[in-house]
Amino acid sequence: MTAPGLDIQEMRELTRKGLGGLDIDELPDEECDQLLNLSYWDLESRFPFVEKDFRTEVDVAQGSDSISLDGFTVADVDAIQSLAVIQPDSQMSIPLQRMTQSFYDRIFNERTDTQAQPEYYLRQDQLIKLWPVPEQTYTIRFYFLKTLKSLLAGTIDTPNFPRTWHEIVVEGAISRGHFYQQDYNLQQQAGDSQISKIRTAIPTANKEERDPFAGLIVQHDDPGTGVVDPDIAPDDPYYGRRRW
């Protein structure tokens, strides 16, 4: 059985311990979470990885072309990656293509009475617009990415990237805490320890990149492996972009 990773409370406690055994009054949760986020965002920018997605489903009635996002947390809305429609008979999940506003305006004005299985979607602030308008009730599936932001918002309990990176995030928070306390010697020591763990963790990350059951998928920018994505609306400003 795989050992669980660190949850947010454990990450806070380790951060406080690494900063000299501070208590919650000396380093409140909000300030501790800020240090953890700074560390996480730094790692994310230097080692861009995508975590396993999670999903939720919403039923859309016949004739309704909108889904409100008001019931979603801010973290969930920011983490939306894609949508799919579930066919009622086969229960197959069919990806929806994202539209631009101009594409939606054109087809909506030309075909206002069209009702069929949705094929496209458009984000409009706190709304998802579907096209065509459903001719019956459909289930729309939302795919999200779990991030530390989701963790802090309570959407998930533990980070979904490999457990070896949980401590790396904590050590980055400790390093920043010492920096803001102007204790640069301890900041350097914590930073060196984090770098050492990163060097150890990267081979593991590369292995998990190839493992379909792993929690880490590394994003590449290799121009030699791209394929043109056919599933993009014709007037998408990035039409013809490459999918890696």
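The coordinates are above.
Q: Would you take a moment to explain the pattern of salt bridges for this structure?
A: Two side chains carrying opposite charge are able to pair once their charged atoms lie near each other. In the structure shown here, the tally under the stated rule is eight salt bridges. Note that Arg176 is salt-bridged to Asp42, the shortest N-O span being 3.4 Å. Separated by 134 residues along the polypeptide, Arg176 in helix H6 (residues 164-180) and Asp42 in helix H2 (residues 29-46) bring together distant segments of the chain. What emerges from the salt-bridge pattern is a single network uniting Arg12, Arg16, Asp29 and Asp33.

Q: Quick question: what am I supposed to make of helix H4 (residues 101-110) here?
A: Count 3.6 residues to each turn of an α-helix, and residues three or four apart come out pointing the same way. For H4, every residue scored as buried is listed here: Phe103, Tyr104 and Ile107. For H4, the buried positions fall inside an angular range of 95° around the axis, keeping them on one side. Looking at the buried residues of H4, the elements they touch are strand E7 (120-124) and strand E8 (127-131).

Q: Explanation requested: the packing of aromatic side chains in the structure shown.
A: Aromatic ring pairs: the centre-centre distance and the angle between the two ring planes describe each pair. Scanning the model with the defined rule gives three aromatic pairs in all. Here the aromatic cluster, defined as three or more aromatic residues joined through ring pairs, consists of Phe179, Tyr180 and Tyr184.

Q: Could you clarify how one ought to interpret unusual backbone geometry in this entry?
A: In terms of backbone geometry, most residues other than glycine have negative phi values and most peptide bonds are trans. With omega at -5°, the peptide bond leading from Trp131 into Pro132 counts as cis. Mapping Pro132 onto the fold places it in the loop between E8 and strand E9 (138-145). In this structure, Gln91 takes a positive phi of about 65° despite not being glycine. Relative to the assigned elements, Gln91 resides in the loop between strand E4 (80-86) and strand E5 (93-95). Accessibility expressed as a relative area gives 53% for Gln91, which makes it exposed. Even without a glycine there, the phi angle at Asp125 is positive, about 55°. Relative to the helices and strands, Asp125 is located in the loop between E7 and E8.

Q: When you look at the packing of helix H1 (residues 8-18) against H2 in this model, what are you seeing that I'm missing?
A: The description of two packed helices rests on the angle between their axes and on the distance between the axes. Contact pair H1 / H2: the axes reach a minimum separation of 10 Å and the direction vectors enclose 90°. As summarised for this structure, H1 and H2 are arranged roughly perpendicular, according to the angle between their axes. Facing H1, whose interface residues are Ile8, Met11, Arg12, Thr15 and Arg16, H2 presents Asp29, Cys32, Asp33 and Leu36. When the residues that make up the contact of H1 with H2 are grouped by side-chain class, the tally is four nonpolar, one polar and four charged.

Q: Mind showing me how you'd approach the pairing of E8 here?
A: The two faces of the sheet receive side chains in turn, since in a regular strand these alternate between them. Burial of E8 is extensive: four of the five residues sit out of reach of the surface. Two strands pair when backbone bridges link them, and strand E3 (residues 66-68) and E8 are joined in this way by three bridges, in the antiparallel orientation. Among the inter-strand pairings, Ser68 is bridged to a residue of E8, identified as Leu127. Counting the residues in the hairpin turn of E7 and E8 gives two residues, including Asp125, whose phi is positive at 55°.

Q: It is not clear to me how the side chain of Arg12 should be interpreted in this structure. Could you clarify?
A: Tracing the backbone shows Arg12 in helix H1. Within the local environment of Arg12, its side chain forms a polar contact with the side chain of Asp33, the two groups lying 2.8 Å apart. In this structure Arg12 touches Asp29, Cys32, Asp33 and Leu36, once residues within four positions along its chain are discounted.

Basis of the calculations
The written sequence of each chain sets the order in which its residues are numbered from 1. Whole-chain, interface and lining totals are the exception, using all residues; otherwise, since this is a predicted model, local features are given only for residues with pLDDT of at least 70 and side-chain atom pairs are given and counted only at 80 or more. With hydrogens and water excluded, all non-hydrogen atoms of the structure serve as input to the side-chain values. For this document, the term salt bridge refers to a Lys or Arg side-chain nitrogen within 4 Å of an Asp or Glu carboxyl oxygen. Counting from the N terminus, the helices are DSSP H or I runs at least four residues long and the strands are E runs at least two residues long. Residue exposure (1.4 Å probe, protein chains only): buried if accessible area is under 20% of the type maximum, exposed if over 50%, otherwise partly exposed. Taking the helix axis as origin, the arc is that swept by the directions to the C-beta atoms. Note on definitions: a residue-residue contact is assigned when non-hydrogen atoms from the two residues lie within 4.5 Å. Note on aromatic pairs: the rings of Phe, Tyr and Trp (six-membered ring only in Trp) are paired at centre separations within 6.5 Å, and the planes decide the class, stacked below 30 degrees, edge-to-face beyond 60, tilted for the rest. Every axis corresponds to a line fitted to the C-alpha atoms, with the helix fit spanning only the stretch in contact, and the corresponding angles, defined between N-to-C directions, vary from 0 to 180 degrees. Note on angle classes: values under 35 degrees are labelled roughly parallel, values over 145 roughly antiparallel, values of 65 to 115 roughly perpendicular, and the remainder oblique. In the scheme used here, Gly and all other residues not listed as nonpolar or charged are polar, with Ala, Val, Leu, Ile, Met, Phe, Trp, Tyr, Cys and Pro taken as nonpolar and Asp, Glu, Lys and Arg as charged. Pairing between two strands requires that DSSP report at least two bridges joining them. Here a polar contact is taken to be a pair of N or O atoms separated by no more than 3.5 Å, where protein atoms must pair a possible hydrogen donor with a possible acceptor and residues adjacent in sequence count only if both atoms sit in side chains.

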